[in-house]
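So the chains spell out like this:
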Amino acid sequence: EQRQDHDYASVSYEVELRDLRQALAASEARAAELAREAQGLREAARAGAEGAQRREAEHRAALGAAQDAAQRYLSAGEQQRRLLEQRLEKEAEDARTLRAE
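A short tour of the structure in this document, coming up.

Cut-offs used in this document
- Each chain has its residues counted from 1, following the order in which its sequence is written.
- Reporting of local features is limited, given that this is a predicted model, to residues whose pLDDT is at least 70; pairs of side-chain atoms are given and counted only at 80 or more, and all residues count toward the totals for whole chains, interfaces and linings.
- Hydrogens and water molecules were not included; the side-chain quantities draw on all heavy atoms of the structure.
- A run of H or I in DSSP becomes a helix once it reaches four residues, and a run of E becomes a strand once it reaches two; helices and strands are each numbered from the N terminus.
- Atoms counted for the radius of gyration: C-alpha only. Globule rule: 2.2 Å times residue count to the power 0.38.
- Here's how the labels work: a residue is buried when its accessible area is under 20% of the maximum for its type, exposed when over 50%, partly exposed in between, all with a 1.4 Å probe on protein chains only.
- A residue counts as positive if it is Lys or Arg and as negative if it is Asp or Glu; His and the chain ends are not included.
- Charge positions come from single atoms, namely NZ of Lys, CZ of Arg, CG of Asp or CD of Glu.
- In the sections that follow, a salt bridge refers to a side-chain nitrogen of Lys or Arg positioned within 4 Å of a carboxyl oxygen of Asp or Glu.

### Comments concerning the overall build of the protein chain
And step 1. If you tally the helices and strands in the protein chain, you get one helix and zero strands.
And step 2. The C-alpha atoms of the protein chain give 43 Å as radius of gyration, which overshoots the globular expectation for 101 residues (13 Å, by more than 25%).
And step 3. Along the first, second and third principal axes, the C-alpha set of the protein chain runs to 150 × 10 × 5 Å.
And step 4. Burial status across the protein chain gives 1% buried among its 101 residues.
And step 5. Between the mean site of the 17 positive side-chain charges and the mean site of the 21 negative ones, the protein chain shows a separation of 8 Å.

Written out as structure tokens, the structure reads:
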């Protein structure tokens, strides 16, 4: 009977050990899966941040170009206004001169 109890305990131990090993393997597999998922999320976040930085830089460059173009148009308009005023003043002077003669 002692031998039978020992055999039963030994079999129980082996079954429990097998179950624990299976549980450990399942736990390790889940941990590896979660680590891969976390790595994927980190890479996606990094890619998203880099993309956002790239788009922000592109927007800043486009805004700078638009501001430069607007400034050039304003300067050209101001120069054109000054030339027209000078021309108008000259024509007014010529008209005064003709009337005086």
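### Here's the deal with the pattern of salt bridges
And step 1. Per the counting criterion, the structure on display carries 10 salt bridges.
And step 2. With a closest N to O distance of 3.0 Å, Arg30 and Glu33 form a salt bridge. Of the two residues, Arg30 and Glu33 both sit in helix 1 (residues 2–100), three residues apart, roughly one turn of that helix.
And step 3. One salt bridge connects Arg82 with Glu78, and the closest N-O pair in it is separated by 3.8 Å. Linking Arg82 with Glu78, this pair stays in helix 1, spanning four residues, or about one helical turn.

### Focus: the environment of Asp19
And step 1. Tracing the backbone shows Asp19 in helix 1.
And step 2. C-alpha separation for the pair Asp19 and Ala95, spaced 76 residues apart in sequence, amounts to 112 Å.

### Concerning the environment of Ala9
And step 1. Mapped onto the elements, Ala9 comes out in helix 1.
And step 2. Exposure remark for Ala9: the relative accessible area of 42% places this residue in the partly exposed category.
And step 3. Residues Ala9 and Glu50, spaced 41 residues apart in sequence, show a C-alpha to C-alpha distance of 60 Å.

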